[in-house]
Amino acid sequence: MWEHIIFPLLLTIFVLPQLPQARDDFSRQPAGQVILTRHDRSDSDPQQVHISLLGSDHIRVSWITDDRQAPSIVEYGTELGRYDAKASGVHTSYTYFQYSSGKIHHVKIGPLEPDTTYFYRCGESGPELSFKTPPSTFPVEFVVVGDLGQTDWTASTLAHVDGQDYDVFLLPGDLSYANGHQPLWDSFGRLVEPSASRRPWMVTQGNHDIEILPNHPKGFVSYNSRWPMPHEESGSTSNLYYSFEVAGTHIIMLGSYTDFDVDSAQCKWLEADLARVDRNKTPWILVLLHAPWYNTNTAHQGEGESMRQSMEELLYKARVDMVFAGHVHAYERFTRVYNNEKDKCGPVYITIGDGGNREGLALDYEEPASPLSLYREPSFGHGRFRILNETHAFWSWHRNNDADAVVADDVWFESLSTSKACWDTVDEKVPSSFSKDEL
């Protein structure tokens, strides 16, 4: 049966002692074969385990069992095989056309110590797993991957990601590419479990996660059931947009596929959320969304424009540092931008919808290249944003190149929280120009 197929690349381990440099003669990768992972555990054993951040010192552990009587309990501790704490949680399930999900468990554990390894077991059975909590202070490192899917390129991306340590995984939409075929959500959960059970995964939705049917007119039933995020903790009424904080960084996850006009609940929430940010406490602000506001690829042109017109001014006045998007299956980095012009007080925009989706790469760009676009390349890969301190961070984009992850683009950034010139002019649009590719 197709659900029992697994590709050999899924089991490959890539060792990255030193990252090679980019090659100019690299040829583009074709679309990958879909990986369909088999369910090889008992009905009561946990599968599809993943963790997410829940407030400043708690984590949500999520998993699925076929056994409807399996308990929603997590045992955990800081020593291998010894659990000195236990927490119980909630469970849910859903139906979608003729598909019925397993029992979906969500358990909140904590309070937890920062930068600490915990060992845990779900449902009082199954294998022992472990995760590490993020640090409470700098440095902190985020992996950013969009449009992940479940192909052999996805497996390659995840292997490269796991080849170097990091603290939190950020995914700006399009997770499983199930497109309504629900067993693909299960297959995706099993594929990402080795990574998603070890580090927190924070996600927002993409167009392939909507899955509207007549009996599910609002969509997102699978996404919301399987991947709840800490929206209530940030004052949001929807799982489709929320914010959280990690080690001096305020991170906002926006919804490209829910209402976003200036009078919408999301836009009002965003304005209130940004107003609460204390740049002394969190000098960095990152935003993630799915449909890019700036894009010189010929794919998905203009699809983020309405959202940009509604929300860009809010991000600009708050001096947001970075905006990461997916949707376009390629990589592109822009300079600091506001209202389609270069602006030293605007965010840096990065499109990183190149995780490994089954549709292949978006190969074509508009010509001539816009002066706002500093680097663009249609290749699969992942990004890393390492914040060293209150003022400086290092961004690197790692292209998938067979068994290697090649650093093809990297640049240092300075937080806008430190720019006196930008804060002195926060209530006005300041035209500016600069030539250095180090911001």
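Residues numbered from 1 in each chain as written. Predicted model: local features only at pLDDT ≥ 70, side-chain atom pairs only at ≥ 80, totals over all residues. Heavy atoms only, no water.

## Here's the deal with the sheet that holds strand 22 (residues 381-387)
Strand order across the open sheet formed by six strands is 13-12-11-22-23-24, with mixed pairing between neighbours. The sheet is open, and its two edges are formed by strand 13 (201-204) and strand 24 (404-414), each paired on a single side. The sheet shows a mean angle of 20 degrees between the axes of neighbouring strands, direction not considered. With four bridges connecting them, strand 12 (residues 168-172) and strand 13 associate as parallel partners. When the sheet's bridge partners are listed, Leu170 is paired in strand 13 with Met202. Running at roughly 25 degrees to strand 22, helix 1 (residues 152-162) makes contact with strand 11 (140-144), strand 12, strand 13, strand 22, strand 23 (392-401) and strand 24 of the sheet. (Pairing = 2+ DSSP bridges. Helix = DSSP H or I, 4+ residues; strand = E, 2+ residues; numbered from the N terminus. Axes fitted to C-alpha atoms, helices over the stretch in contact; angles between N-to-C directions. Contact = heavy atoms within 4.5 Å.)

## Observations concerning the nonpolar core
Counting residues in each nonpolar core, the largest one holds 98 residues, and the members touching the most others are Val61, Ile109, Tyr120, Trp201, Phe385 and Trp395. The element contributing the most residues to this core is helix 2 (residues 183-196), with six residues. Counting six residues, the second largest nonpolar core, distinct from the first, contains Ile64, Tyr94, Tyr96 and Ile104. (Core = buried A, V, L, I, M, F, W, Y, C linked by side-chain atoms within 4.5 Å. Buried < 20%, exposed > 50% of the residue type's maximum accessible area, 1.4 Å probe, protein only.)

## Observations regarding the pairing of strand 15 (residues 249-253)
Consecutive side chains of a regular strand alternate in pointing toward one face of the sheet and then the other. Extensive coverage of strand 15 is indicated by the burial of five of its five residues. Sheet topology places strand 14 (residues 242-246) next to strand 15; five bridges connect them, and they run antiparallel. Directly across from Val246, in strand 15, lies its bridge partner Thr249. Hairpin connection, strand 14 to strand 15: the antiparallel pair is bridged by two residues, and Ala247 has positive phi, about 45 degrees. Bridge count for strand 15 against strand 16 (residues 284-288) is five bridges, and the pairing is parallel. Bridge pairing in strand 16 links Met253 to Leu288. Taken together, strand 15, helix 4 (residues 265-276) and strand 16 form a β-α-β motif whose crossover is right-handed. (Right-handed = clockwise from strand over helix to strand, strands pointing away.)

## So, the sheet that holds strand 2 (residues 59-65)
Spatially, four strands are ordered 1-2-8-5 in an open sheet, and the strand pairing comes out antiparallel. Every interior strand has two partners, whereas the edge strands, strand 1 (47-53) and strand 5 (90-92), have only one. In this sheet, neighbouring strand axes are inclined to one another by 20 degrees on average, regardless of whether the strands run parallel or antiparallel. Of the strands in this sheet, strand 1 and strand 2 are in contact with helix 2, which crosses strand 1 at around 60 degrees.

## Considerations on unusual backbone geometry
Both trends apply: most residues other than glycine have a negative phi, and most peptide bonds are in trans. Cis geometry marks the peptide bond from Gly110 to Pro111; its omega dihedral reads 5 degrees. Turning to its location among the elements, Pro111 is positioned in the loop between strand 8 (103-109) and strand 9 (117-122). Note the cis peptide between Glu367 and Pro368, where omega equals 0 degrees. With respect to the element layout, Pro368 can be found in the loop between strand 20 (348-352) and strand 21 (373-377). With phi around 60 degrees, Glu124 is a residue other than glycine that occupies positive phi space. Along the chain, Glu124 falls in the loop between strand 9 and strand 10 (129-132). With a relative accessible area of 38%, Glu124 lands in the partly exposed category. In this model, Asn179 sits at a positive phi of 50 degrees, which is unusual for a non-glycine residue.

## With respect to the packing of helix 4 against helix 5 (residues 305-317)
Put simply, helix 4 and helix 5 touch, their axes get as near as 10 Å, and they point 10 degrees apart. As judged from the angle between their axes, helix 4 and helix 5 are roughly parallel. Read as a crossing pair, helix 4 and helix 5 show a hand that is right-handed. Seen from helix 4, the contacting residues are Gln266, Cys267, Leu270, Glu271 and Leu274; seen from helix 5, they are Met307, Ser310, Met311, Leu314 and Leu315. Tallied by class, the residues present in the contact of helix 4 with helix 5 amount to seven nonpolar, two polar and one charged. (Parallel < 35°, antiparallel > 145°, perpendicular 65-115°, else oblique. Left-handed = near helix turned anticlockwise from the far one by under 90°. Nonpolar A, V, L, I, M, F, W, Y, C, P; charged D, E, K, R; others polar.)

## Topic: the packing of aromatic side chains
Evaluated as defined, the whole model comprises 24 aromatic pairs. Between Trp293 and Tyr349 the ring centres are 6.3 Å apart and the planes differ by 40 degrees, which places this aromatic pair in the tilted class. Of this pair, Trp293 sits in the loop between strand 16 and helix 5 while Tyr349 sits in strand 20; the two residues are 56 residues apart in sequence, bridging distant segments of the chain. Per residue, the accessibility class of Trp293 equals that of Tyr349, and both read buried. Over the ring of Tyr316 we find Arg319; its NZ or CZ atom is 4.6 Å from the centre of that ring. (Phe/Tyr/Trp six-rings, centres within 6.5 Å; stacked < 30°, edge-to-face > 60°. Lys NZ or Arg CZ within 6 Å of the ring centre and 35° of its normal.)

## What about helix 1?
For helix 1, the tally of buried residues reaches 10 of 11 residues, placing the bulk of the element in the interior. Measuring from the side-chain oxygen of the N-cap residue of helix 1 to the backbone nitrogen of Trp153 gives 3.1 Å; that N-cap residue is Thr151. (Polar contact = N/O pair within 3.5 Å; in protein donor to acceptor, adjacent residues only side chain to side chain.)

## Brief notes about the environment of Gly126
Looking at the element boundaries, Gly126 is found in the loop between strand 9 and strand 10. Sequence separation of Gly126 and Arg41 is 85 residues, and the distance between their C-alpha atoms is 8.5 Å. Once residues lying within four places of it in the same chain are set aside, the contact partners of Gly126 are Asp45, Pro46 and Arg121.

## What to know about the pattern of salt bridges
Overall, the coordinates contain 22 salt bridges when judged by the stated rule. Among the ionic pairs, Lys86 bridges to Glu124, the shortest N-O distance being 3.4 Å. A residue pair is termed long-range when its members are at least 10 positions apart, and Lys86 in strand 4 (residues 85-88) and Glu124 in the loop between strand 9 and strand 10 qualify at 38 residues. Residue classification places Lys86 among the exposed positions, given a relative accessible area of 52%. Here the salt bridges do not stand alone but share partners, grouping Asp115, Lys132 and Asp167 into one network. (Salt bridge = Lys/Arg side-chain N within 4 Å of Asp/Glu carboxyl O.)

## Quick notes on the confidence of the model for the protein
Confidence in the prediction for the protein averages 90 pLDDT; 90% of positions are at 70 or higher. Long-range and interchain partners of residues 1-26, a stretch whose pLDDT sits below 50, account for 58 contacts in this model, where long-range means more than four residues apart. Under a pLDDT of 50 for its full length, residues 430-439 has, in the predicted model, 25 contacts with residues more than four places off or in other chains. (pLDDT = per-residue confidence, 0-100.)

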